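Structural description and commentary
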Amino acid sequence: MAAHLSYGRVNLNVLREAVRRELREFLDKCAGSKAIVWDEYLTGPFGLIAQYSLLKEHEVEKMFTLKGSRLPAADVKNIIFFVRPRLELMDIIAENVLSEDRRGPSRDFHILFVPRRSLLCEQRLKDLGVLGSFIHREEYSLDLIPFDGDLLSMESEGAFKECYLESDQTSLYHAAKGLMTLQALYGTIPQIFGKGECARQVANMMLRMKREFTGSQNSVFPVFDNLLLLDRNVDLLTPLATQLTYEGLIDEIYGIQNSYVKLPPEKFAPKKQGESGKDLPTEAKKLQLNSAEELYAEIRDKNFNAVGSVLSKKAKVISAAFEERHNAKTVGEIKQFVSQLPHMQAARGSLANHTSIAELIKDVTTSEDFFDKLTVEQEFMSGIDTDKVNNYIEDCIAQKHPLIKVLRLVCLQSVCNSGLKQKVLDYYRREILQTYGYEHILTLHSLEKAGLLRAQTGGRNNYPTIRKTLRLWMDDVNEQNPTDISYVYSGYAPLSVRLAQLLSRPGWRSIEEVLRILPGPHFEERQPLPTGLQKKRQPGENRVTLVFFLGGVTFAEIAALRFLSQLEDGGTEYVVATTKLMNGASWIESLLEKPV
C-alpha cells in the first residue's frame with residue numbers, strides 16, 4: 001500500500017491495486033524465469049505502480065532497456081517486451097528477436113503493449129517476419145497513473161500535439177477509457193461538465209462506451225459528484241507564465257519526472273568533508289517528491305516567498321525536540337524518546353534537503369534576469385504594452401538566450417493580446433529565424449497552428465474582457481496567507497482554475513459571455529443513477545469534483561485547486577487528472593519541430 005495515495009476523499013490505492021493485479025496476472029501467464037525489455041519511456045510511470053520487488057516475486061530475474069542489435073545474455077525462459085505502440089520500436093524489437101533466434105536455444109517471446117495493442121505495429125512485426133515468434137501479444141491498459149492522493153496522470157507526452165496539431169484522437173480515446181476504468185472502481189459520475197472541442201469528444205466517447213457496455217449496472221456507490229473536462233487550448237496562457245509555487249519552481253528549474261527530481265549534488269554533500277573539490281559527489285542527487293513526506297506536503301503549494309519562514313519554524317521545532325533528550329530522566333521517558341528518534345531523524349533529513357533546494361531556487365529567483373523576465377510576464381498578464389515589440393524580448397533574441405525562453409515570452413504576449421499585430425508578429429518571426437536558424441520556421445508554424453503565436457484577427461483584443469470578468473489579475477496578493485488562487489503566480493489567477501471555481505459557485509450561467517469568447521463548446525451531461533445509489537449529502541459535506549485537463553496541467557494549477565479544496569466554505573474538494581504533467585518549457589519543447 002502507498003499511504004500517500006489514500007489520504008484524500010478518494011482512495012487512489014484502489015486504482016493502483018487494480019493495475020498491479022492486471023500486471024501480476026500477465027506475468028503469471030508467462031511461466032518460468034523472465035527478463036523484461038523496457039521501452040525506456042515507460043520505466044518512470046511503471047515505477048509509480050510496481051517496484052522491482054513485485055516483479056521479482058513473479059520470477060523476473062533481469063531487466064534491460066530496449067536497444068538495437070542483440071539483447072544482453074540472460075539465462076531465462078521468457079523474454080517480455082514492455083512497449084508503447086510505436087512503429088520505430090517494432091523495428092528494434094524485430095532486430096532483437098532475429099539476433100536471439102540466431103544465438104541458439106529458443107526462448108519464449110511475449111509483447112505487452114502499453115496502453116493499447118496496435119494493428120499497425122503487429123503488421124510491421126509481421127512484415128519483418130517476427131510476429132509468429134510471440135506467444136502472448138497483449139495490451140496493458142495503464143491509462144491513468146496515481147501520482148499522489150489527489151493527482152492522476154496519463155503521462156502521454158505527445159497528447160497536446162496529437163490533439164491540436166495533428167487531429168489525432170488516440171490520447172482522447174485513452175482518456176475516455178481511463179475515465180471508464182475510474183467509474184468502474186469509484187462509481188458512475190452523475191454530472192459531466194466540459195469546455196472545449198476535445199472535452200466534447202471525450203464526453204461523447206464516454207457516453208458511447210457506456211451505451212455499448214449495457215451489461216450489468218454499475219453498483220458501486222459514487223465517490224465523485226462531478227467531472228469537469230477542460231481543454232488546454234481554452235487556457236493557453238497559464239502554462240506560459242513562470243510558476244511561483246515551491247513545487248512549480250522546482251519543476252521550472254530542474255524538471256520533475258514521474259515525481260522524481262535530479263538536483264546538483266554540491267548542495268547535498270555532507271559538511272564534514274574537506275574543502276577541496278575532489279571529495280564532492282559528482283552524481284546528481286535524486287529525490288522523490290510527494291505528500292508521503294510531511295514537510296513537502298506542507299510547503300509544496302506555497303508561494304516560494306512563504307517557504308523560508310516555514311522552514312525556519314520547522315528547524316526550531318526539530319532542534320527543540322532533540323533537546324528533549326536532556327530532560328528524559330526515567331527509563332520510560334528515555335524509551336519514549338528513543339521510539340520517536342527515527343521519525344525525528346527523518347524530519348531532520350527532510351528539512352536539510354528542502355533547505356538546500358530552497359537555496360538553489362533562491363539563487364535563480366534573486367538573479368536580475370529572473371526579475372526582468374517576471375516583470376515582463378506580469379506586465380503582459382495585467383494588460384500593459386501587449387501590442388508592440390517588447391524591448392526585453394528583443395534583447396533576449398539579440399543575446400541569443402535559449403530559444404524556448406524567447407518563444408514562451410512571445411507566445412505569452414500573443415495570447416494576452418488575442419494575437420499580435422501583423423507587423424509585430426513579422427518582426428519577431430524575422431528576428432527569431434535570423435538568430436536561431438531557418439529550420440525553426442516549422443516550429444513557428446506549429447505554434448501558430450496551436451493558437452499560441454498568431455496574428456490578431458478582426459483587430460479586437462478580447463483578453464481584457466476575459467481578464468476583468470474572471471478577475472484574472474489581482475493587484476494586492478498576500479503571498480504568505482493567501483485569500484485567492486492568484487498567489488500561485490503572484491497576481492495572476494489561472495484561467496482554467498477560475499473556471500472550475502466559478503462552476504462550483506455560482507455556476508457557469510454567470511459567465512456565459514466569456515464562455516462564448518473562449519474556444520470550443522461548453523456543455524453539461526447527466527448520467528442517471530439507480531435509485532439506491534443516489535447520494536444524500538450530509539450537512540457540511542463537500543462535493544468531490546474530478547477536473548481532467550486534456551493537453552496537460554502545471555503544478556501551479558494543481559496548487560490552486562488544492563487551495564480551493566482547503567477553503568472552509570469552499571464546498572468542493574478537487575481531484576486532478578491530466579494527459580501530462582508539464583511546464584511552459586516542456587510544453588513548448590514538445591511542439592518544436594526536430595530537424596531530421
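Calculation rules
Residues numbered from 1 in each chain as written. Predicted model: local features only at pLDDT ≥ 70, side-chain atom pairs only at ≥ 80, totals over all residues. Heavy atoms only, no water. Helix = DSSP H or I, 4+ residues; strand = E, 2+ residues; numbered from the N terminus. Rg over C-alpha atoms; globule rule 2.2 N^0.38 Å. Buried < 20%, exposed > 50% of the residue type's maximum accessible area, 1.4 Å probe, protein only. Contact = heavy atoms within 4.5 Å. Areas by Shrake-Rupley, 256 points an atom, 1.4 Å probe, with all protein chains shown as cover. Lys, Arg positive; Asp, Glu negative; His and termini not counted. Charge placed at Lys NZ, Arg CZ, Asp CG, Glu CD. Polar contact = N/O pair within 3.5 Å; in protein donor to acceptor, adjacent residues only side chain to side chain. Expected span 1.5 Å × (residues − 1). Patch = residues over 30% accessible without salt bridge, like charges linked within 9 Å, V, L, I, M, F, W, Y side chains within 5 Å. Salt bridge = Lys/Arg side-chain N within 4 Å of Asp/Glu carboxyl O. Phe/Tyr/Trp six-rings, centres within 6.5 Å; stacked < 30°, edge-to-face > 60°. Lys NZ or Arg CZ within 6 Å of the ring centre and 35° of its normal. Core = buried A, V, L, I, M, F, W, Y, C linked by side-chain atoms within 4.5 Å. Pairing = 2+ DSSP bridges. Axes fitted to C-alpha atoms, helices over the stretch in contact; angles between N-to-C directions. Parallel < 35°, antiparallel > 145°, perpendicular 65-115°, else oblique. Left-handed = near helix turned anticlockwise from the far one by under 90°. Disulfide = S-S within 2.5 Å. Arc of directions from axis to C-beta.

Remarks on the overall build of the protein chain
On a plain count of helices and strands, the protein chain comes out with 23 helices and 15 strands. Computed over C-alpha atoms, the radius of gyration of the protein chain comes to 26 Å, within 12% of the 25 Å expected from 2.2 N^0.38 for 596 residues, which places it in the range of a compact globule. Each principal axis of the C-alpha atoms in the protein chain carries an extent, and together these give about 75 × 70 × 65 Å. Relative to its full complement of 596 residues, the protein chain shows a buried share of 53%. In the protein chain, of all internal contacts separated by at least 6 residues, the share reaching a separation of at least 24 is 79%. Per element, the accessible surface of the protein chain, about 27,500 Å² overall, is 52% carbon and sulfur. Side-chain charges in the protein chain split into 74 positive and 77 negative, and the spacing between the mean points of these groups amounts to 3 Å.

Describing the side chain of E252
On the secondary structure map, E252 appears in helix 10 (residues 246-253). Under the relative-accessibility criterion, E252 is labelled buried at 17%. Ignoring sequence-local partners within four residues, the contact set of E252 consists of A241, T242, Q243, R408 and N583.

Considerations on the side chain of D484
Here D484 is to be found in the loop between helix 19 (463-469) and helix 20 (495-504). Side-chain polar atoms of D484 contact the side chain of R498, separated by 3.0 Å. In this structure D484 touches R471, M474, A493, R498 and F563, once residues within four positions along its chain are discounted.

Structural notes on helix 1 (residues 13-29)
Its 17 residues give helix 1 an end-to-end C-alpha distance of 24 Å, which sits within 8% of 24 Å, the value for a rise of 1.5 Å per residue. Along helix 1, the residues classified as buried are N13, L15, R16, A18, V19, R20, L23, F26 and L27.

Comments concerning a negative patch on the surface
Side chains of E25, D28, E59, E61 and D75 sit close together on the surface and give a patch of like negative charge. As for its position among the elements, E25 is in helix 1. Given the relative accessible area of 49%, E25 is considered partly exposed.

Notes on the packing of aromatic side chains
Applying the stated criterion across every chain, the model contains 15 aromatic pairs. Pairing W38 with F82 gives two aromatic rings, centres 5.0 Å apart and planes at 65 degrees, and the pair type is edge-to-face. Pair noted here: W38 is in strand 1 (residues 34-38) and F82 is in strand 3 (residues 78-83), with a separation of 44 residues, a long-range link. You'll find W38 and F82 in the same group, each marked buried. Between the aromatic rings of F81 and F109, the centroid separation amounts to 6.4 Å while the plane-to-plane angle is 25 degrees, which identifies the pairing as stacked. Here F109 lies in strand 4 (residues 108-113) and F81 lies in strand 3, a separation of 28 residues in the sequence. Exposure remark for F81: the relative accessible area of 0% places this residue in the buried category. Through a chain of ring-to-ring contacts, three or more aromatic side chains come together here, namely W38, F46, F82 and Y140. The ring of Y260 has K286 sitting right over it, with the charged end atom 4.8 Å from the ring centre.

What to know about the nonpolar core
General note: in soluble globular proteins, nonpolar side chains tend to be found buried as a group. With 169 residues, the main nonpolar core has F46, F82, L229, L499 and F548 as its most contacted residues. With nine residues, the top contributor of residues to this core is helix 16 (residues 403-415). Every residue in contact with L229, bar those within four places of it in the chain, is listed here: L179, I192, F193, G194, K195, A199, V202, A203, F523, F548 and L550. Core analysis: the next-biggest nonpolar cluster, separate from the first, contains 23 residues, A35, L71, V76 and I93 among them.

Comments concerning the sheet that holds strand 2 (residues 60-65)
Read from one edge of the open sheet, five strands run 2-1-3-4-5, paired in parallel fashion. In this open sheet, the two edge strands, each paired with only one partner strand, are strand 2 and strand 5 (134-139). Strand-to-strand, the axes of this sheet are offset by a mean angle of 20 degrees, without reference to chain direction. Pairing of strand 1 with strand 3 involves five bridges; the strand directions are parallel.

A closer look at the sheet that holds strand 7 (residues 151-153)
A sheet is described by the order of its strands in space; here seven strands give the open sequence 6-7-15-14-9-8-13, paired in mixed fashion. Taken across any chain shown, the strands that pair with only one partner, and hence form the sheet edges, are strand 6 (145-148) and strand 13 (522-526). Direction aside, the axes of adjacent strands within the sheet are offset by 20 degrees on average. Judged from the five bridges that link them, strand 8 (residues 191-195) and strand 9 (residues 226-231) form a sheet pairing that is parallel. Counterpart to F193 in the pairing with strand 9 is L228. Strand contacts of helix 8 (residues 197-212): strand 8, strand 9, strand 13 and strand 14 (543-550), with the helix running at about 140 degrees to strand 9, the strand carrying the most contacts.

A closer look at the packing of helix 10 against helix 13 (residues 331-365)
Relative orientation of the contacting elements helix 10 and helix 13 amounts to 65 degrees, with a least axis distance of 11 Å. On the basis of their axis angle, the class for helix 10 and helix 13 is roughly perpendicular. Crossing of helix 10 against helix 13: the hand is left-handed. When helix 10 is examined against helix 13, the residues Y246, L249, I250 and I253 are found in contact with a partner set consisting of H354, I357, A358, I361, V364 and T365.

Considering the state of the cysteines
The final tally for this structure, using the stated rule, is zero disulfides. For the unlinked cysteine C198, the closest cysteine sulfur is that of C163, found at 4.5 Å. The thiol of C416 is not disulfide-bonded; the next cysteine sulfur, from C411, is found 11 Å away. Classification of C416 as buried rests on a relative accessible area of 1%.

Description of the pattern of salt bridges
This structure, assessed with the given rule, holds 36 salt bridges. Taking the shortest distance from any N to any O, the salt bridge between E17 and R20 comes out at 3.6 Å. A residue pair is termed a helical-turn pair when its members lie 3 or 4 positions apart in one helix, as E17 and R20 do in helix 1 at three residues. Residue classification places E17 among the partly exposed positions, given a relative accessible area of 23%.

Some thoughts on helix 15 (residues 391-398)
One turn of an α-helix holds 3.6 residues; hence residues three or four places apart share an orientation. Y392, I393, C396 and I397 are the residues of helix 15 that are buried. Considered in projection along helix 15, the buried side chains sweep an arc of 140 degrees and stay on one side of the axis. In helix 15, the exposed positions that point more than 90 degrees away from the buried face belong to N391 and A398. In the core, the buried residues of helix 15 are packed alongside helix 14 (368-381), helix 16 and helix 17 (422-436). The N-capping residue of helix 15, defined by a side-chain oxygen 2.9 Å from the backbone nitrogen of Y392, is N390.

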